[in-house]
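Below are the chains, spelled out letter by letter.
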Amino acid sequence: MWETKDRTDEIQSPSEGSDRFPESHLAGLENPEELGTEEIAKHVYSNEMLFGMGLQKEWSRLAGEATPEKFVRAYGDYVDDPFTFYRQAPDQYQFMKEHLFYGQEYLKSAEAEQLSEATAALEQMQEIRPDVWEDLTLRERLDALQNVENLMSEIQGRTPIGVVTEPMEPGLYGYFDGKAVHISLEGLASNDVAEAVDTIIHEGRHAYQHYAVDHPGFHPDQEQVEAWRDNFKDYLTAELYGQEAYQTQPVEADAWAYASTIRHDIYGKGV
Amino acid sequence: MKDLNKEELTQHLMTEFSYPARGAALVAEKLMKLHPELEAQFVIWWHNGSLPRVTVEEYTVERLMHEHSMNPIAAMLTLDWLLREPEQAKASLKRGHDHAVRGS
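The rules behind the values
- Residues numbered from 1 in each chain as written.
- Chains lettered and ligands numbered in written order.
- Predicted model: local features only at pLDDT ≥ 70, side-chain atom pairs only at ≥ 80, totals over all residues.
- Heavy atoms only, no water.
- Pairing = 2+ DSSP bridges.
- Helix = DSSP H or I, 4+ residues; strand = E, 2+ residues; numbered from the N terminus.
- Axes fitted to C-alpha atoms, helices over the stretch in contact; angles between N-to-C directions.
- Buried < 20%, exposed > 50% of the residue type's maximum accessible area, 1.4 Å probe, protein only.
- Lys, Arg positive; Asp, Glu negative; His and termini not counted.
- Salt bridge = Lys/Arg side-chain N within 4 Å of Asp/Glu carboxyl O.
- Polar contact = N/O pair within 3.5 Å; in protein donor to acceptor, adjacent residues only side chain to side chain.
- Contact = heavy atoms within 4.5 Å.
- Expected span 1.5 Å × (residues − 1).
- Arc of directions from axis to C-beta.
- pLDDT = per-residue confidence, 0-100.
- Buried area = accessible area lost by both parts, 1.4 Å probe.
- Parallel < 35°, antiparallel > 145°, perpendicular 65-115°, else oblique.
- Left-handed = near helix turned anticlockwise from the far one by under 90°.
- Nonpolar A, V, L, I, M, F, W, Y, C, P; charged D, E, K, R; others polar.

The mixed open sheet is built from 4 strands, whose spatial order is β1(A)-β3(A)-β2(A)-β1(B). Only two strands of the sheet have a single partner each, and these edge strands are β1 (162-166) of chain A together with β1 (97-100) of chain B. On average, each strand axis in the sheet is inclined to that of its neighbour by 15°, with strand direction left out of account.

What follows is the structure, given as structure tokens:
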């Protein structure tokens, strides 16, 4: 189990300032060290040497629209929020990586390592294979999901919590109440094991976020932890604020990206 | 939205729909920017309670209320998202939602 300590110095974070951008993105700019990601993105967008007709066409196909705003937003996400960007728009992420950033990535190594470790460990769990899952009783399934939570908590370095089930309102697949992970009875009874595992990892990630808020230095990105802290105080439910506000708030965007990555790696694309 | 005032919207959201102050301000801000296809129907609903009948990507206000437990306001905001970013919105709705609440 990881110790609870400040791991900031272990992270290969991109260096501050214009050093983190490819040199070609800064060519022609005056005082690039004073510019933010957005200004540099706009410069790249308007530079035909960097973003010529061929790339523009390919980008339009992937992004669905060719507006500068969309490009600038994607460029900023690639640099400043790569983990979420990678999960939400993998084709666009690959485009940025291959055609504009020449393979350079900004994913924080510690988080990437944790995801790899989780995937490798979960792939060894027989009971969450689809062909095994479908023959399990509800009790056995709940035990299997508890094993998923136990494994994830160990990898993440936090205290494991219980996994329970109950019927839930339409559209609600689970929740974390501060003490336990709850999965809907409908989700547990479904043969869609990828969905069930995703739920446990997603809710477990909320437990991780809570743990990070309570233990400064535990999570490498303190700015992100502050965003989680603020978000928990003003949490936006889908029932009152709509799906977009719910989905894009910091704790949910992070949990969705985290769980989706592992789910995709274990169960494949489209699952 | 020329027929409604943001401050009035905010106040009404708090008094009639029990939104907290910050949440009401956030919702009012979003409602003021509703897609033109939804704006007129929202105003009608706001004044007389008739739910909009618009369909976006096979979703209606009623469907979002029944299948996702949304109130009419949340449902209309979701239809707005479906109009602006259909693929992302549909993928999110297919998954559903959870609650990440802090324990006592």
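There is more to say, and it comes next.
By secondary structure assignment, the location of Asp98 of chain B is in strand β1. Although buried, Asp98 of chain B forms no salt bridge, and the nearest oppositely charged side chain, Arg95 of chain B, lies 8.0 Å from it. Within the structure, Asp98 of chain B has its side chain in polar contact with the side chain of His202 of chain A (distance 3.1 Å). Once you skip the residues sitting within four places of it in the chain, Asp98 of chain B turns out to touch Leu172, Tyr173, Gly174, His202, Glu203, His206, Tyr235, Tyr246 and Glu252 of chain A.

Before going further, it helps to spend a moment on helix α3 (residues 36-48) of chain B. Residues and elements named next belong to chain B. Between the first and last C-alpha of α3 there are 19 Å, a value that for 13 residues agrees with the 18 Å anticipated at 1.5 Å per step. Those residues of α3 that sit buried are Leu38, Phe42, Val43, Trp45 and Trp46. All buried residues of α3 project into a common sector of 165° when viewed along the axis, lining one side. Structural note: α3 exposes Pro36, His47 and Asn48 on the side pointing more than 90 degrees away from its buried face. Where the residues of α3 are buried, they touch α1 (6-17), α2 (21-31) and α5 (72-84). Immediately downstream of α3, the backbone of Gly49 shows phi near 80°, a positive value.

This paragraph deals with the pattern of salt bridges. Applying the stated rule across the entire model yields 21 salt bridges over all chains. The closest approach of N and O atoms between Arg95 of chain B and Glu195 of chain A, which form a salt bridge, is 2.9 Å. Remark: Glu195 of chain A occurs in helix α11 (residues 193-214) and Arg95 of chain B occurs in helix α6 (residues 86-95); the pair is interchain, linking two chains. Assessed through its relative accessible area of 11%, Arg95 of chain B is described here as buried. With a shortest N-O distance of 3.6 Å, Lys90 of chain B and Glu87 of chain B are connected by a salt bridge. Here Lys90 of chain B and its partner Glu87 of chain B are both found in helix α6, 3 residues apart, which amounts to about one turn of the helix. The exposure class of Lys90 of chain B is partly exposed, given its relative accessible area of 26%. One salt-bridge network, held together by shared partners, links Glu195, Asp198 and Arg263 of chain A together with Arg95 of chain B.

Scored by pLDDT, chain A has a mean of 87; 91% of the residues are at 70 or more. With pLDDT under 50 throughout, residues 1-15 of chain A is counted as low confidence; its partners more than four residues away or in other chains account for 31 contacts.

Between chain A and chain B, the contact holds 40 residues from the first and 32 residues from the second. Of all residues in chain A, Tyr241, Gln243 and Glu244 of chain A give up the largest surface area on contact with chain B, accounting jointly for 23% of the area buried on that side. Seen at the junction of chain A and chain B, the total is 4 salt bridges. Here Asp234 of chain A makes a salt bridge to Arg22 of chain B, at a shortest N to O gap of 2.9 Å.

Here we come to the confidence of the model for chain B. Mean pLDDT over chain B works out to 92, with 94% of the residues at or above the 70 mark. Across the interfaces of the predicted complex, the ipTM metric reaches 0.95, alongside a pTM of 0.74.

Residues and elements named next belong to chain A. Running from amino to carboxyl end, helix α2 (residues 37-46) crosses helix α4 (residues 68-80) at an angle of 125°, the nearest separation of the two axes being 9 Å. Between α2 and α4, the angle falls in the class oblique. The chirality of how α2 crosses α4 is right-handed. Residues Thr37, Glu38, Ile40, Ala41, Lys42, Val44 and Tyr45 of α2 touch α4, and the partners they reach there are Pro68, Phe71, Val72, Tyr75, Gly76, Val79 and Asp80. In terms of residue class, the contact of α2 with α4 is made up of 9 nonpolar, 2 polar and 3 charged.

The next thing to look at is the environment of Asp192 of chain A. Residue and element names in this part refer to chain A. Mapping Asp192 onto the fold places it in the loop between α10 (185-189) and α11. C-alpha separation for the pair Asp192 and Trp133, spaced 59 residues apart in sequence, amounts to 8.6 Å. Here Glu195 takes part through its backbone nitrogen, which lies 3.2 Å from a polar atom of the side chain of Asp192.

Residues and elements named next belong to chain A. If you check helix α12 (residues 222-233), its first and last C-alpha atoms are 17 Å apart, about what 12 residues at 1.5 Å a residue would give, namely 16 Å. All buried positions along α12 are accounted for by Val225, Trp228, Asn231 and Phe232. Down the axis of α12, the buried set is contained in an arc of 120°. They therefore lie on one face. Turned more than 90 degrees away from the buried face of α12, the exposed residues are Glu223 and Lys233. Between the side-chain oxygen of the N-cap and the backbone nitrogen of Glu223 there are 3.1 Å, and the N-cap of α12 in question is Asp221.

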